[in-house]
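What follows is the residue order along each chain.
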Amino acid sequence: MVPVPAARVVARGLRLRCPACGGTPLYASWFRMAEHCAVCGLRYEREAGYFVGAIYVNYAATVAVAAGTVLILDWTVGLSLFRQLAVGITLAALVPVAFFRYSRSLWLSLDFLVTQADERQERQRRQAR
């Protein structure tokens, strides 16, 4: 197996494609992830709790967008507290839904990169014997 460059894996993740080959989409519908890649066979759906890390990715993106937008608007436009809360709460409700697919895709891509590095290290260890 030829190692895939990290930038390519992340780009595939951002395009919601298989991190290993980029051959098939990760999602069969808006919220339903395919079970595996039809081209290379990489399993997308893992054990229960596998995508908990994706929740943290989604949370970080939500906080960055909501808080960042409120702060920038406050500094540039000078929003009242009520408008700051309205914008912040609206974004806090919408961003997680909009970013859901990407957070799972990026988490799967990160896992693929870590697994790829572990497999490469294991092969090198075996060859050194």
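This report concerns the structure included in the present document.

Cut-offs and rules
Residues numbered from 1 in each chain as written. Predicted model: local features only at pLDDT ≥ 70, side-chain atom pairs only at ≥ 80, totals over all residues. Heavy atoms only, no water. Axes fitted to C-alpha atoms, helices over the stretch in contact; angles between N-to-C directions. Helix = DSSP H or I, 4+ residues; strand = E, 2+ residues; numbered from the N terminus. Parallel < 35°, antiparallel > 145°, perpendicular 65-115°, else oblique. Left-handed = near helix turned anticlockwise from the far one by under 90°. Contact = heavy atoms within 4.5 Å. Nonpolar A, V, L, I, M, F, W, Y, C, P; charged D, E, K, R; others polar. Core = buried A, V, L, I, M, F, W, Y, C linked by side-chain atoms within 4.5 Å. Buried < 20%, exposed > 50% of the residue type's maximum accessible area, 1.4 Å probe, protein only. Salt bridge = Lys/Arg side-chain N within 4 Å of Asp/Glu carboxyl O. Patch = residues over 30% accessible without salt bridge, like charges linked within 9 Å, V, L, I, M, F, W, Y side chains within 5 Å. Areas by Shrake-Rupley, 256 points an atom, 1.4 Å probe, with all protein chains shown as cover. Polar contact = N/O pair within 3.5 Å; in protein donor to acceptor, adjacent residues only side chain to side chain.

### Section: the packing of helix H1 (residues 6–14) against helix H3 (residues 81–128)
Here is step 1: The interhelical angle for the contact between H1 and H3, taken along N-to-C directions, is 155 degrees, at an axis separation of 8 Å. Of the possible angle classes, the one that applies to H1 and H3 is roughly antiparallel. Two packed elements cross with a definite hand, and for H1 against H3 that hand is right-handed. Together, Ala 6, Val 9, Val 10, Arg 12, Gly 13 and Leu 14 of H1 and Tyr 102, Ser 105, Leu 106, Ser 109, Phe 112 and Leu 113 of H3 make up the contact between the two elements.
Here is step 2: In the contact of H1 with H3, the residues fall into 8 nonpolar, 3 polar and 1 charged.

### What about the nonpolar core?
Here is step 1: If you look at the biggest cluster of nonpolar residues, it comprises 18 residues, and the most contacted ones within it are Leu 42 and Tyr 44.
Here is step 2: The element contributing the most residues to this core is H3, with 3 residues.

### Overview of the pattern of salt bridges
Pairing is possible between side chains of opposite charge, provided their charged atoms come close.
Here is step 1: One pass over the full model with this rule turns up 4 salt bridges.
Here is step 2: The closest approach of N and O atoms between Arg 125 and Glu 122, which form a salt bridge, is 2.4 Å. With Arg 125 and Glu 122 both in helix H3 and 3 residues apart, this pair spans about one turn of that helix.
Here is step 3: On the basis of relative accessibility, which here comes to 43%, the residue Arg 125 falls in the partly exposed class.
Here is step 4: Members of the salt-bridge network, linked through shared partners, are Glu 122, Arg 125 and Arg 126.

### Remarks on a nonpolar patch on the surface
Here is step 1: A cluster of nonpolar side chains, namely Val 10, Leu 14 and Tyr 102, defines an oily patch on the protein surface of about 240 Å² accessible area.
Here is step 2: Tracing the backbone shows Val 10 in helix H1.

### Some remarks on the side chain of Gln 84
Here is step 1: With respect to the secondary-structure elements, Gln 84 resides in helix H3.
Here is step 2: Reaching out from Gln 84, the side chain makes a polar contact with the backbone oxygen of Leu 79 at a distance of 3.3 Å.
Here is step 3: Setting aside its immediate chain neighbours within four residues, Gln 84 contacts Val 70, Asp 74 and Leu 79.

Without other data, these values stay purely geometric and don't point to any function.
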